[in-house]
2 protein chains.
Amino acid sequence: MEEDRSDPDGPSHPRAFPAGQAGRRDRQLGELRVDFPVSVVLPAGGTGERTGLSTPKQFCSVLGRPLISVTVQAFERVSWIQSVVVVVAKENMELMTDIVQRFQHRKVRVVAGGSTRHRSICNGVLALGEEEDEEERPKVVIIHDAVRPFVEEEFLYKIAMAAKEHGAAGAIRPLVSTVIATTAEGYLDHSLERGKYRASEMPQGFTYSVIHRAYQRCTESDLEFGTECLHLALQYCGTNAKLIEGPPTLWKVTYKRDLAAAESIIKESLSRSACVITGGSARAVTLADALQEAAAALHLELDLVSDLTGDNGRYLSEECNFIHVSIDGSCLSEVESLLKDLEAANRALLHPLVVIWVCLWRPDEPVTPEPAAAAAIMGVASAAKLRNILLYGIRLHQSEDPERWERSVSKVAEITSALIRERSPALVGQLLQA
Amino acid sequence: MEEDRSDPDGPSHPRAFPAGQAGRRDRQLGELRVDFPVSVVLPAGGTGERTGLSTPKQFCSVLGRPLISVTVQAFERVSWIQSVVVVVAKENMELMTDIVQRFQHRKVRVVAGGSTRHRSICNGVLALGEEEDEEERPKVVIIHDAVRPFVEEEFLYKIAMAAKEHGAAGAIRPLVSTVIATTAEGYLDHSLERGKYRASEMPQGFTYSVIHRAYQRCTESDLEFGTECLHLALQYCGTNAKLIEGPPTLWKVTYKRDLAAAESIIKESLSRSACVITGGSARAVTLADALQEAAAALHLELDLVSDLTGDNGRYLSEECNFIHVSIDGSCLSEVESLLKDLEAANRALLHPLVVIWVCLWRPDEPVTPEPAAAAAIMGVASAAKLRNILLYGIRLHQSEDPERWERSVSKVAEITSALIRERSPALVGQLLQA
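1. Notes on the nonpolar core
Turning to step 1, where the next piece is worked out: Of all hydrophobic cores here, the largest spans 114 residues; its most connected members are Phe322(A) and Phe322(B).
Turning to step 2, where the next piece is worked out: If sequence neighbours within four positions are ignored, Phe322(B) has contacts with Cys275(B), Ile277(B), Leu308(B), Tyr315(B), Leu316(B), Leu338(B), Leu342(B), Val354(B), Val355(B) and Ile356(B).
Turning to step 3, where the next piece is worked out: Among the nonpolar cores identified, the runner-up in size contains 39 residues, and Phe36(A), Phe59(A), Val72(A) and Ala169(A) belong to it.

2. Notes on the packing of helix H10 (residues 282–296) of chain B against helix H13 (residues 402–422) of chain B
Residues and elements named next belong to chain B.
Turning to step 1, where the next piece is worked out: Look at H10 against H13: their axes get within 9 Å of each other, and the N-to-C directions meet at 65°. Here H10 runs over H13; the crossing is right-handed. In contact with Leu287, Ala290, Leu291, Ala294 and Ala295 of H10, H13 contributes Trp405, Val409, Ser410, Val412 and Ala413.
Turning to step 2, where the next piece is worked out: Looking at side-chain class alone, the contact of H10 with H13 contains nine nonpolar, one polar and no charged residues.

3. As for the sheet that holds strand E14 (residues 321–326) of chain A
All names here are of chain A.
Turning to step 1, where the next piece is worked out: Within the open sheet, the six strands sit side by side as E13-E12-E14-E15-E16-E17. Their pairing is parallel. For this open sheet the edge positions go to strand E13 (301–305) and strand E17 (431–433), each flanked by a neighbour on one side alone. Between one strand and the next, the sheet's axes are offset by a mean angle of 25°, whatever the strand orientation.
Turning to step 2, where the next piece is worked out: Along the sheet, helix H13 (residues 402–422) makes contact with strand E12 (273–277), E14, strand E15 (353–361), strand E16 (389–397) and E17, crossing E16 at roughly 170°.

4. Things to note about helix H8 (residues 229–237) of chain A
Residue and element names in this part refer to chain A.
Turning to step 1, where the next piece is worked out: The complete set of buried residues in H8 reads Cys229, Leu230, Leu232, Ala233, Tyr236 and Cys237. Taken around the axis of H8, the buried residues stretch over an arc of 160°, which confines them to a single face.
Turning to step 2, where the next piece is worked out: Among the residues of H8, the N-terminal cap falls to Glu228, whose side-chain oxygen and the backbone nitrogen of Leu230 are separated by 3.3 Å.
Turning to step 3, where the next piece is worked out: Residue Gly238 follows H8 closely and has a positive phi angle near 65°.

5. A few points about the sheet that holds strand E14 (residues 321–326) of chain B
All names here are of chain B.
Turning to step 1, where the next piece is worked out: Taken in spatial order, the six strands make up an open sheet running E13-E12-E14-E15-E16-E17, and their pairing is parallel. Of all the strands in the sheet, just strand E13 (301–305) and strand E17 (431–433) have a single pairing partner and so form its edges. In this sheet, adjacent strand axes meet at a mean angle of 25° when their direction is disregarded.
Turning to step 2, where the next piece is worked out: The sheet contact formed by strand E12 (residues 273–277) and E14 spans four bridges and is parallel. The residue of E14 that forms the bridge with Val276 is Ile323.

6. Some thoughts on the environment of Ala426(A)
Turning to step 1, where the next piece is worked out: Summarising the element assignment, Ala426(A) is placed in the loop between H13 and E17.
Turning to step 2, where the next piece is worked out: C-alpha separation for the pair Ala426(A) and Arg65(A), spaced 361 residues apart in sequence, amounts to 17 Å.
Turning to step 3, where the next piece is worked out: Discounting chain neighbours no more than four positions away, the residues touching Ala426(A) are Lys411(B), Glu414(B), Ile415(B) and Ala418(B).

7. A look at the pairing of strand E4 (residues 81–88) of chain A
All names here are of chain A.
Turning to step 1, where the next piece is worked out: Within E4, six of the eight residues are buried, which leaves it mostly tucked inside the rest of the structure.
Turning to step 2, where the next piece is worked out: By the bridge criterion, six bridges tie strand E1 (residues 38–43) to E4 in an arrangement that is parallel. Counted as the bridge partner of Val41 is Val85 from E4.
Turning to step 3, where the next piece is worked out: Judged from the five bridges that link them, E4 and strand E5 (residues 108–112) form a sheet pairing that is parallel. Paired with Val84 across the bridge in E5 is Val108.
Turning to step 4, where the next piece is worked out: Once you follow E4 into helix H3 (residues 93–102) and on to E5, the crossover reads as right-handed.

Calculation rules
- Each chain has its residues counted from 1, following the order in which its sequence is written.
- By the order in which they are written, chains take letters starting at A while ligands take numbers starting at 1.
- Only residues with pLDDT of at least 70 are given local features in this predicted model, and only at 80 or more are side-chain atom pairs given and counted; all residues enter the totals for whole chains, interfaces and linings.
- Hydrogens and waters are ignored; side-chain quantities use all the structure's heavy atoms.
- Here the nonpolar core consists of buried residues drawn from Ala, Val, Leu, Ile, Met, Phe, Trp, Tyr and Cys, with membership extended through side-chain atoms lying within 4.5 Å.
- A simple rule labels every residue: compare its accessible area, found with a 1.4 Å probe on the protein chains alone, to the largest value its type can have, and call it buried under 20%, exposed over 50%, or partly exposed in between.
- Contacts: residue pairs with any heavy atoms within 4.5 Å of one another.
- Axes here mean lines fitted to C-alpha atoms, for a helix over just the part in contact, with angles spanning 0 to 180 degrees between N-to-C directions.
- Here a helix means four or more residues in a row that DSSP labels H or I, a strand means two or more in a row labelled E, and each is numbered from the N terminus.
- Crossing handedness is read from the near helix: turned anticlockwise from the far helix by less than a right angle, it gives a left-handed crossing, and turned clockwise, a right-handed one.
- Gly falls in the polar group here, along with every residue not listed as nonpolar (Ala, Val, Leu, Ile, Met, Phe, Trp, Tyr, Cys, Pro) or charged (Asp, Glu, Lys, Arg).
- Paired strands, in this sense, are two strands between which DSSP finds at least two bridges.
- This arc describes the spread of directions from the helix axis toward the C-beta atoms.
- Residues adjacent in sequence count toward polar contacts only when both atoms are side-chain atoms; beyond that, a polar contact is any pair of N or O atoms within 3.5 Å, and within protein one must be able to donate a hydrogen and the other to accept it.
- Looking down the strands as they point away from the viewer, one classifies a crossover as right-handed if the path from the first strand across the helix to the second runs clockwise.

Quick look at the structure:
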């Protein structure tokens, strides 16, 4: 059985979903220059029988978005990738075109697939060759799976460069299980020596000429029963692919449980930080400072700003969550104006966005009648939900007792962290107590 | 690459976590008679470097319980399994002993492991042989992984029977990826024909005499570098193991994402049904009936009872969630008495248990002052949380307007379903609005 010794997939996948630090990461990746045209073929024709769901897995929803859109986004983020050909079964052409429009994918072309995986990939490769202008044709074609959403730029870079140099390149991973040969009667014949073998994974890269030639020369039987593009390149072009060890994040969504895993990875990547807007009042800033400390203990990093004007406007274009601190129960109007800004920035297009209204009440303050306060936030939240923004409220009472105050602040941090992590649509508009 | 054609892991794993139908299932499984002693060795000495967590993965928490406890439970549920030897690293002996006590495992013996997987398994097998009375020694030993928590009785039965008949038996699965051989320079040499090979998985079964002899005869090098028990049985006892195709639920928790997947499987299995206690009043029953219909649309099955006396007492011994419907804001005392019953039944030992207090208010009723109502449920919930019971409140207002009423009931169902599925500890004691 057991144990490969490779890297963990770690807390998550920073490059795929930057949370609040996009600028910094892009600068790091600026070094990865690819000076030749690269395009991608994403076969997405599978029927998803293994997930136990009626929807093919590439169209299953992960945090409200089809998995294929998450994978497409991973490629669209990469500046040196020209175009992504998504190959789907004929009956899903319209569905895929809708997804491209709805999530505003800019580099995608949808192509009809064939009856097998190889026929579909072949159609995708041929579609790339239709460019009249030869200069526009890709030098390298990357082939990936629609259901491996967490592929990172750095690894794509390695594959593209190796493909250009060697004609073909592919990701490999250590074997997770011992591989055994069975007798015809179903008994153990022998087990393979694990060190000599690897699992072939995706992505793979080919020069356009190698993959095009391989599909021109291969047989009907290859197209019908074959599974491995690297094998075709070897057999029909004499190209020994360069093999590159990939990270565990290349893993493939296969079963229903994998959808849950994918969702948890995305949720975690979206839940590391939030921007706290204080409005600048001293009481709000004091609360925000205390909240920042309590949240840090829960691995939630809070950035404090007084408003989103000037330089702080950048928070509107980052994948971050917002906490609006009010010291006045009537300040829901400030939250409404934040929601408008977020909507204008089109920030909730790809992921549901969390906004939490933290409302501080003084004991001496006349309390807004409960049903009215509850109804007000519920109304605003219901409207925001239609635009993929999840608004929740938390109310805490100012206390002179330091111990009690600290407990309340910790509770706000705990609830905030849970709301941001869980992103539950059923709980929007609730006014929670800390 | 791609595609094996086996069963999906499906919506979840009914046998591992019966929800409300334990009796029925046990009767079905009553047919699986094993009339020879079977014991289990669970090597749990791994250091968990691949999860990217500081805790070894078998000790990582899944819904508040260490994964190893979930796996142990899967074996303890099986009536014909005598004992489970858990082999852990010396430094984790105390931790494991604590886990056994805390979760009241009855069949477990904790044994110190060796420096490698084979040495640990060997220690476990030797521990089973220490019984003075030969009759007490197991006829068959099942070896499993601590981090494959969803193994089912039916499959264990197949392995045990085949092991007894053939001397050795092991689970296999189709290969998920193409297996390739690499050249010394890191290029593709050739790919294996997938149909001829299988992945060797767990559990495996051996007669005690075969596995004992295999470990007596094997070399230091086998103990140090070997990975496959089936291979030792073949090499040192001439036993060709019978190979049996296992379900995808045998999958192994390897990465951090797998912990999320495991948690989602357990959560889903715990979230299929709930018992609604109405107290018998007509208004409560009307609400419960409407709720039942709305919940069914969300795949949450509700059983309605007026109380938990007589035959209904059985709900207290099943893995189900509770919804208490009150038509009177002062009825928190009824909820407190339910909590006492649940505590007496020790129902939240293995999983956090959800209790939802649904409180119906008439418009003409004097509303309990908000802070008082909120503080009351928060107090009760905080105490219950210490006993692993998660209490939440939902308040809805009676309405004469049928459309509004229906909307409120749907909202209650939606919130209920989310609370039961998410089991968020941070939100206990909240009084939510529907």
